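Remarks on the overall topology
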Amino acid sequence: MTKIMELRDRMIRFYSRYETYLFPVVKFAVALALFSVINKNIGFMDVVSSLPMALILSLLCAIFPVNAIIWLSALVVLADMYAVSPETALTALVLFAVLFFLYFRFSPKDGIAAVLTPVCFGLHIPYIMPVGCSLLRNAYSIIAVVCGTILHYFLGGIQQNAAALMRTAEDATSASRFEIAVGQLFSNREMYLVIAVFVVTSVVVYLVRRMEVDHAWTLAIISGTLIQIAGLFVGYLVLGITGKTLWLLIGGVISMVIAFVIQFLFMDLDYDRTERVQFEDDDYYYYVKAVPKKMVAVREVTVKHFGNTASMGKRIDHSRPVYTPEEEEQSRKVMARELDIDEGLLK
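The rules behind these values
- Residues numbered from 1 in each chain as written.
- Predicted model: local features only at pLDDT ≥ 70, side-chain atom pairs only at ≥ 80, totals over all residues.
- Heavy atoms only, no water.
- Helix = DSSP H or I, 4+ residues; strand = E, 2+ residues; numbered from the N terminus.
- Buried < 20%, exposed > 50% of the residue type's maximum accessible area, 1.4 Å probe, protein only.
- Contact = heavy atoms within 4.5 Å.
- Areas by Shrake-Rupley, 256 points an atom, 1.4 Å probe, with all protein chains shown as cover.
- Pairing = 2+ DSSP bridges.
- Salt bridge = Lys/Arg side-chain N within 4 Å of Asp/Glu carboxyl O.
- Patch = residues over 30% accessible without salt bridge, like charges linked within 9 Å, V, L, I, M, F, W, Y side chains within 5 Å.
- 1 Å grid on protein atoms, 1.4 Å probe; cavity = no way out; pocket = protein on both sides within 12 Å on 5 of 7 lines; lining within 4 Å.
- Points joined across faces, edges and corners; volume = space filled by probe spheres on them.
- Nonpolar A, V, L, I, M, F, W, Y, C, P; charged D, E, K, R; others polar.
- Polar contact = N/O pair within 3.5 Å; in protein donor to acceptor, adjacent residues only side chain to side chain.

Our focus in this paragraph is the overall build of the protein. Looking only at helices and strands, the protein has 14 helices and four strands in total. Classification of the 347 residues of the protein by burial places 38% in the buried group. A sequence separation of at least 24 residues applies to 65% of the contacts in the protein between residues at least 6 apart. Summed over its atoms, the accessible surface of the protein is roughly 20,500 Å², and 65% of this surface lies on carbon and sulfur atoms.

Now the structure itself:
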């Protein structure tokens with residue numbers, strides 16, 4: 001366990017040191033995954049749905065702020081919707097306007113959550129989004145998850161009815177085309193079920209993880225996972241939706257494991273060393289409960305090499321398991337010379 005904690009601390013220090021260079025790489029990877037999902041599911045326009053175009057757009061997303069991923073992905077989706085029919089593109093445009101209003105009004109800093117939600121749906125682990133956002137962010141973060149959920153189900157409905165929409169575009173009126181496109185939103189009962197369960201899960205996880213009890217994050221993760229599995233399972237039975245139970249269980253377990261990894265990275269507390277402090281000022285009396293994080297101290301020793309001014313004050317990092325033969329040889333030579341002994345005695 002100590003080795004794992006040391007690895008975690010090194011990863012955190014490494015990312016903190018090179019965040020300027022690593023964050024664009026993360027944005028590029030997330031954007032490429034999102035564009036790949038879009039191209040795979042609704043790649044109706046060949047010009048914008050090719051791999052070279054996805055790479056170019058991902059590079060642009062790596063340069064610009066996170067919200068650029070949302071804007072560029074919306075443009076790609078609108079282009080694909082226009083390839084289906086103009087009415088479908090207009091419906092998508094109105095939907096995006098409403099979602100953008102909700103997103104930028106309540107959770108403009110949660111662009112990653114809005115982008116990752118459709119990607120997680122594609123990986124069958126969307127259940128991590130309400131739990132993860134409530135652990136790391138505030139209660140308003142669920143708005144970004146809801147926007148991503150609506151987008152996923154709308155695009156999924158368009159994909160399933162693409163043949164009917166294209167056929168209708170040739171031999172029916174615009175009213176029929178609008179009816180099919182809008183129906184993907186207002187007649188999708190599964191989408192409303194998932195949104196309701198996600199909202200309840202997010203509220204419960206947020207409230208539980210802020211409770212003043214030991215292992216609050218663990219309780220929040222377990223309760224959130226159970227609420228999602230139980231709520232969706234019962235909802236699927238009531239709505240008569242079949243074929244979802246297996247992926248619900250597998251995705252729920254995987255999402256819970258990911259949530260515990262998030263806890264280990266960001267809130268790994270040592271409850272055995274909990275301290276309670278009391279103090280007062282002129283107006284209040286304070287009761288403070290302090291729970292330290294689990295940290296592994298890195299041992300560093302400053303060694304002076306007498307007679308070798310170029311090496312004075314050199315810092316040796318003892319967190320490394322082994323040293324190079326050159327370092328060991330140089331250390332033996334310096335010590336043998338200063339102690340006036342045979343170098344072989346130090347081997």
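What follows concerns the pairing of strand β1 (residues 275-280). Counting buried positions along β1 yields zero of six residues, so the element is predominantly exposed. Two elements, β1 and strand β2 (residues 285-290), share six bridges in a ladder whose sense is antiparallel. By the bridge assignment, E275 is partnered in β2 with A290. Here β1 hands over to β2 after four residues, the two strands then running antiparallel side by side.

The final tally for this structure, using the stated rule, is two salt bridges. The salt bridge involving D110 is made with R137; its shortest N-O contact spans 2.8 Å. Here D110 is found in the loop between α5 (86-106) and α6 (111-122), whereas its partner R137 is found in the loop between α7 (128-136) and α8 (142-160), with 27 residues between them in sequence. The class of R137 is partly exposed, set by a relative accessible area of 35%. A salt bridge links E190 to K244, with the shortest nitrogen-to-oxygen separation between them at 3.3 Å. Residue E190 is found in helix α11 (residues 189-209), and its partner K244 is found in the loop between α12 (216-239) and α13 (245-266); the two are separated by 54 residues along the sequence. What makes E190 buried here is its relative accessible area of 13%. Given a relative accessible area of 32%, K244 falls into the partly exposed group.

A word on the environment of M53. Secondary-structure assignment places M53 in helix α3 (residues 51-63). According to the relative accessible area criterion, M53 is partly exposed, its value standing at 25%. With 18 residues separating them in the primary sequence, M53 and F35 have C-alpha atoms 9.2 Å apart. Those residues in contact with M53 that sit more than four places away from it in its chain are V47 and V48.

Before going further, it helps to spend a moment on a nonpolar patch on the surface. On the surface, a cluster of nonpolar side chains totalling about 760 Å² of accessible area is made up of L90, L93, V94, V98, F101, L102, F106 and Y140. Its location among the elements puts L90 in helix α5.

The volume enclosed by the largest pocket comes to roughly 1,200 Å³. Lining the largest pocket are 50 residues; nearest its centre among them are F121, G122, H152, Y153 and G156. Of the residues forming the lining of the largest pocket, the biggest block, 10 residues, is contributed by α8. Counted by class, the lining of the largest pocket contains 30 nonpolar, 16 polar and four charged residues. By volume, the second largest pocket is sized at about 970 Å³. Lining the second largest pocket are 26 residues, and of these I112, L116, L136, I262 and F266 lie nearest its centre. Of all elements in the fold, only α2 (19-42), α6, α7 and α13 reach the threshold of two or more residues within the lining of the second largest pocket. The class makeup of the residues in the lining of the second largest pocket is 20 nonpolar, two polar and four charged.

The subject of this paragraph is the environment of V197. Among the structural elements, V197 can be located in helix α11. Between the C-alpha atom of V197 and that of I227, which follows or precedes it by 30 residues, the distance is 7.6 Å. Excluding residues within four positions of it along the chain, V197 makes contact with I227, Q228, G231 and L232.

Checked against the element boundaries, S134 lands in helix α7. Taking relative accessible area as the criterion, S134 reaches 1% and is therefore assigned buried. Among the polar contacts made by the side chain of S134, one reaches the side chain of S202 at a distance of 2.7 Å. Each residue touching S134, except ones within four places of it in the same chain, is listed here: S202, V205, Y206 and R209.

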